[in-house]
Structures are given as C-alpha cells and as structure tokens.
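Residue-level structure breakdown
For reference, the chains in residue letters:
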Amino acid sequence: MALRDRYYEHQRPILGTVSVIGFFLLWEWQLTSVVTVDPFFLTQPSKIAAAAKELFLGGAIWQDLAVSSKAFLWGFSAAIIVGIPTGVFMGWRRRAEYTLDPFFTALYASPLVALAPLLIIIFGVGLTGKVVLVFLLAVFPFIFNAFAGVKSTDRLLVNVVRSFGGKEKDIYWKVILPSILPYMVAGARIAIGRGIVGIIVGEFYAASEGIGFAISRFGDTYRLPEMFATILVLMILAVVFTEGLRKLENVLAPWKIGQEAR
Amino acid sequence: MVPCIQASDVTLTFRPKDREAVTAINGLTLEVARGEFVSIVGPSGCGKSTFLNVLLGLLKPDRGEIQLNGKRISGPGEDRAMVFQEFGLLPWRTVLANVELGLELKGVAADTRRKRARELIELVGLTAFENHYPHELSGGMKQRVGLARALVTEPEVLLMDEPFAALDAQTRDLMQTELLQIWDRAKKTVIFVTHSIEEAAYLSDRVVIMSARPGRIKEVLRIDLPRPREYEMRLSPGFNEIKSRIWSTLKEELVTRIGGDGAQR
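Sequence order sets the numbering: in each chain, residues are counted from 1 along the sequence as written. Whichever chain is written first becomes A and whichever ligand is written first becomes 1, with later ones labelled in order. Only residues with pLDDT of at least 70 are given local features in this predicted model, and only at 80 or more are side-chain atom pairs given and counted; all residues enter the totals for whole chains, interfaces and linings.

1. Re the overall build of chain B
Put simply, DSSP marks the helices as runs of H or I at least four residues long and the strands as runs of E at least two long, and each gets a number from the N terminus on. Scanning chain B from terminus to terminus reveals seven helices and 10 strands. Between the two quantities, the radius of gyration covers C-alpha atoms and the globule rule is 2.2 Å times the number of residues to the power 0.38. Relative to the compact-globule value of 18 Å for 265 residues, chain B shows a C-alpha radius of gyration of 19 Å, a close match. C-alpha extents for chain B along the principal axes are approximately 55 × 45 × 45 Å. Each of the 265 residues in chain B was classed as buried or not, and the buried ones make up 42%. Here exposure depends only on C-beta density: within 10 Å of a residue's C-beta, 20 or more other C-beta atoms make it buried, 12 or fewer make it exposed, and intermediate numbers make it partly exposed, the C-beta atoms being placed from the backbone.

If you want it as structure tokens, here you go:
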C-alpha cells in the first residue's frame, strides 16, 4: 500500500520518465528487429549517444554553440529592448495601437524566415544577418504580449495610484510594468522557440560555423548520428530555457502562484 | 465657519461613444462639517460613486464645483483618500508596501514611510501579516489594508465607496464597529457610500438619500443616536425607526426606477 501511495504522490515524474525511456528503448530495439525502415535514415539512440559523446569530448560542438549563442543573445536582447516598450506604448496609447497594429499583425502572422535570403544579401554572411533574423522573429511575441498585458491592466489600480497623486510615470512603473511581467515571461517562452528557428535557418542559408551550419553539414555528409545528436542538444537547450523561465516567473511574480492556485 | 466640504450644483454627464449620454448627477448641493460622518444611500446607478470620484478629483463636473476648506477641488490631493469597494490593492506588493504607496508617491523617505505604515498596520491589527501578499488575506483583512493605506497619508477627508460590500455579514459588522472606533480617534471627515440602510444609520451623523438617476439629493436625515455607538444599539426601537424612515424615502425611488425602466420597454 505504501508503495502505491508513493506512486500516486509522484505520478507525474514517474510516468514522464517512463515514457521518455520507453520511447528511446523502442527506437533502439524496433529498428534492429521489427521495422523495415532502413536504419541508416533513423539511426539509433546508442549511435546518437556515441556521436554526442564524441562531439562534446572532441570539442567541435562548443565552438558551434558559442557562435550561435552569440547571435541569439544579441537578437533576443534587441527584441526585448525594442519589443516591450513598443507593446506598452501601443497598449497605453490608442493612436499608436491603431497606427502600428496592421503592420505588426501582418508581420507576426507571416513566416518571417522567408526573409532569410534577403537578410543575407543585405547584411552578408556572418553575425549581423543572423542577429537581425532572430530579432525579427523574437520581437513580435514581446510586442503583442506587452500589448495584451497593458490592455488587461486593472483600471482600478491605475485609479488608485492616480488618487494618491501618482503621475503618468508612476502608473507605468508601479502598475503597468508589474502587471505585464507574467505576460513578458509567456512572451519570452514563445520568442525563444522562434529565435532558435531564426538561428538555425540563418545558418542553413549561409554560414561557416554555428549549430545550424553543423546540422546541415552533418546532413549533407550523411553523418546522421551526429546530426541527430546536434538536434538533441538544441532540444534540450530549448527545454532548459523555457522551463527556466517558468521558474523565473515564480521568483519574479510570487503573487501569481497564489492567484493561479485559486 | 467654512464647512469642510461644500458641493454646489454639481452636475456630471457621461458621454460614452456610440451610446446615449447619461447624466449621473444633477445639481447636487451638499455641505459637510469638519469631522462629520455622512453616508450616501440611493438606488443603483444614482451617481453616488460618481460623486465620490468627483470629490476624489478623478472626475471633473460639467457644472458646479466642490470646495474643500474653501478651495476648489481640481484633481487628486493628499487632503483626501479613498477606500475602494474592490480593495484596489496592488497584488505584487506586500501589505507593508501597499500601505506605503501614498507616502511613496509623495516622495517620503523609505524609513520614515515604513515606520508610518507600520503604525497604521498596527492600528488595523495586521502587524503579523505585514509581509503577506493580498491573495493570502481574507476579504476583511484586505479592506483593513485598504483602510490603513488611505489613512497613512493623514488625509482630512476619508472617502469610502461601499467599502464593506464585498465582505460577508459578520466581517462587515465587525469592520463597521472598528471603523467607528478609528473614526472616533482619528477625527476624520468621512463620506461613506453604501447600499445598506442599516450600515448608513449605524455609522452616520447624517444620511443623504439620493433620488434615482439623474442623482440629486432627495432628503438628508440627521441620526441623533448617542455616541459611541455599540453594536447592541442596533436592536433598539429608536434605531429601527430611523431605518424605516430611510427605507420609506428610498422605496419611492426604487419604485420610480423600476417603473421608469418598465415604461421604457
């Protein structure tokens, strides 16, 4: 009985772990026995693991990660710095909303990665083009989430601050910014995914190093275990970032935890 | 002597886009003495809260004006503070930081305002909760924070917009008695908007009964019950008589309003 109780207590992590391990076991075992897909295309977790070990120990992947991270961080930071004030401004000033909304909605909805070739033409192969691509992809989640956050700001709280003599500046700092903080974290989670797409696509098109370049090079040379290993690293990084943001939200916005629990 | 509050011919019409204009208050004239406790009752939508917001300085009347100590109200000021029906606490701030808000906006130094806020938190009995967030508090506790926050800037006039409407009946009774004690000590002028006849009769020196929209004053009733008032006083025949007098005046307005609504359909 005690064992069963303990199981129910930790049902979520137990089932999650079992399903992931089971997935890899199935992959490993099925390909060699049942399924007739050429194992060359899908390779096997054991081979991917060996390739990953080689990549990390050999050091090749660190250089690629460093190159891609640099472009990502620049583009992402720019997206935050531009996106949040733009969204707040749009949310607080109706004229700004009406003027800017058509462009931003169209751009957010379109597959901006299609601009990659153009950006490479304009900025050349290298850091700048990738930074611009990451920025373009990551900025809209910040704009629209900041905008939605401002729109959902409690008018009562704005009136409270006004009634105590608060000025426009106080309303921004003491009401709007704290209100939109959880929206920003949600926006950042979306933006990370889009930003990573920007990096990879940018490096597919024209690059001589970086994670995207590594993936495309391994693919071109039929080194599929290495290719999968690199993709896996990307997946893990993306999960770590988005989960880290969730934790960060709990630290930055402790009042939200209680509100959601109710 | 100049009255503390002098409202003369206050008229305010809301003109929302793509909807009919609504005259919320029409020619409201009222004088309130320093230290007086005045309640305003009236049918829903009679402009009670609108009047409070004009007093607070968040709304400007189309006609007429309100003077405070002989000076025309043109915006928010530290001589007034409001206790809001839905509390209006900043959810990302602890009790202490919420109470400090008014002083912070005035630019008072951090240690001074902390000390002052702690005094008020003690006054409303929440010292053990100063580091709690609003979502961790009960409704009654939240409104104590609201009260402490309003008192911390030492306003001369306390505006209360149905402050206890969101509380359960027992908490409400308790808060009324505590409010009277605090008022007795702090000697503020209080304008108290409520739907509850009993609450108005129990707390006030005078009860202002407003007509249905557009709101104007229908009757002002002086409540000559001795102070301090204990809870038990509500059981006395005199108290019940006052309640029924307020009710009979108010009832005509409720009937008018319902009749009016019916005629429109």
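2. Some words on helix α12 (residues 224–252) of chain A
Residues and elements named next belong to chain A. Helix span, as expected, comes to 1.5 Å for every residue beyond the first. Taking 1.5 Å of rise per residue, the 29 residues of α12 would be expected to cover 42 Å, and the 41 Å separating its terminal C-alpha atoms lies within 8% of that figure. For α12, every residue scored as buried is listed here: P225, E226, M227, F228, A229 and T230. Any pair of residues counts as being in contact when their C-beta atoms, constructed from backbone geometry, are within 7 Å of one another. Buried residues in α12 make contact with α4 (45–58), α5 (60–92) and α11 (211–220).

3. As for unusual backbone geometry
All names here are of chain B. Of the consecutive residues R227 and P228, the connecting peptide bond is found in the cis state with omega at -5°. Mapped onto the secondary structure, P228 falls in the loop between β10 (217–222) and α7 (237–264). One non-glycine residue, N69, lies in the positive phi region at around 50°. Tracing the sequence through the fold places N69 in the loop between β4 (63–68) and β5 (71–72). The phi dihedral of E162 is positive, around 45°, even though this residue is not glycine. Topologically, E162 is positioned in the loop between β7 (157–161) and α5 (169–186). Here E162 falls in the partly exposed class, since 19 other C-beta atoms lie within 10 Å of it.

4. Some remarks on helix α2 (residues 95–106) of chain B
Residue and element names in this part refer to chain B. With respect to burial, α2 is a largely interior element, 10 of its 12 residues being buried. Buried within α2 we find V95, L96, N98, V99, E100, L101, G102, L103, E104 and L105. G107 sits one or two residues past α2 and shows a positive phi near 85°.

5. With respect to the environment of F140 of chain A
Residues and elements named next belong to chain A. Within the secondary structure, F140 is located in helix α8 (residues 127–151). The class of F140 is buried, set by 24 C-beta atoms lying within 10 Å. Taking the C-alpha atoms as reference, F140 lies 9.8 Å from T86; in sequence the two are 54 residues apart. Beyond its immediate stretch of four places on either side in the chain, F140 contacts F104, L107 and Y108.

6. Some remarks on the nonpolar core
Among the nonpolar cores identified, the biggest contains 126 residues, and V134 and A146 of chain A together with L159 and I191 of chain B are the most heavily contacted of them. For this core, the element with the highest residue contribution is α8 of chain A, accounting for 16 residues. Excluding residues that lie within four positions of it along the chain, V134 of chain A makes contacts with A71, F72, G75, F76, G195, G198 and I199 of chain A. As used throughout, a nonpolar core is a set of buried Ala, Val, Leu, Ile, Met, Phe, Trp, Tyr and Cys residues joined through C-beta atoms within 7 Å of each other.

7. Points about the sheet that holds strand β2 (residues 22–32) of chain B
Within a beta sheet, neighbouring strands are joined by backbone hydrogen bonds and run either parallel or antiparallel to one another. All names here are of chain B. The pairing criterion for strands is at least two bridges between them, as found by DSSP. Ordered by their spatial adjacency, four strands build an open sheet running β2-β1-β4-β5, and the pairing between neighbours is antiparallel. Among the strands making up the open sheet, the edge pair consists of β2 and β5. In this sheet, β4 lies alongside strand β1 (residues 5–14) in antiparallel orientation, the contact comprising five bridges. Residue S8 lies in a different strand from β4, and its bridge partner there is E65.

8. Digging into the sheet that holds strand β3 (residues 37–41) of chain B
Residues and elements named next belong to chain B. Spatial ordering of the open sheet is given by β6-β7-β8-β3-β9-β10, a layout of six strands whose pairing is mixed. If you trace the sheet from one side to the other, it starts and ends with β6 (80–83) and β10, each paired once. When the angles between neighbouring strand axes are averaged without regard to direction, this sheet yields 20°. As paired strands, β3 and strand β8 (residues 189–193) are joined by four bridges and run parallel to one another. When the bridges of β8 are listed, I40 appears paired with V193. Angles shown run from 0 to 180 degrees and are taken between the N-to-C directions of axes, each axis being a line fitted to C-alpha atoms and, for helices, limited to the stretch in contact.

9. Points about the packing of α5 of chain A against α11 of chain A
All names here are of chain A. Contact geometry for α5 and α11: axes closest at 7 Å, N-to-C directions at 130°. In terms of orientation, α5 lies oblique with respect to α11. Side by side, α5 and α11 meet where D64, L65 and S68 of the first sit next to I211, G212 and A214 of the second. Note on residue categories: nonpolar means Ala, Val, Leu, Ile, Met, Phe, Trp, Tyr, Cys or Pro, charged means Asp, Glu, Lys or Arg, and polar means any other residue, Gly included. Its residues placed into classes, the contact of α5 with α11 shows three nonpolar, two polar and one charged. Here the angle decides the label: under 35 degrees means roughly parallel, over 145 means roughly antiparallel, 65 to 115 means roughly perpendicular, and every other value means oblique.

10. A closer look at the interface of chain B and chain A
Listed per partner, the contact involves 18 residues of chain B and 16 residues of chain A. The biggest single contributor to the side of chain B that touches chain A is α2 of chain B, with four residues. For the side of chain B that touches chain A, a count of residues per class yields 11 nonpolar, three polar and four charged.

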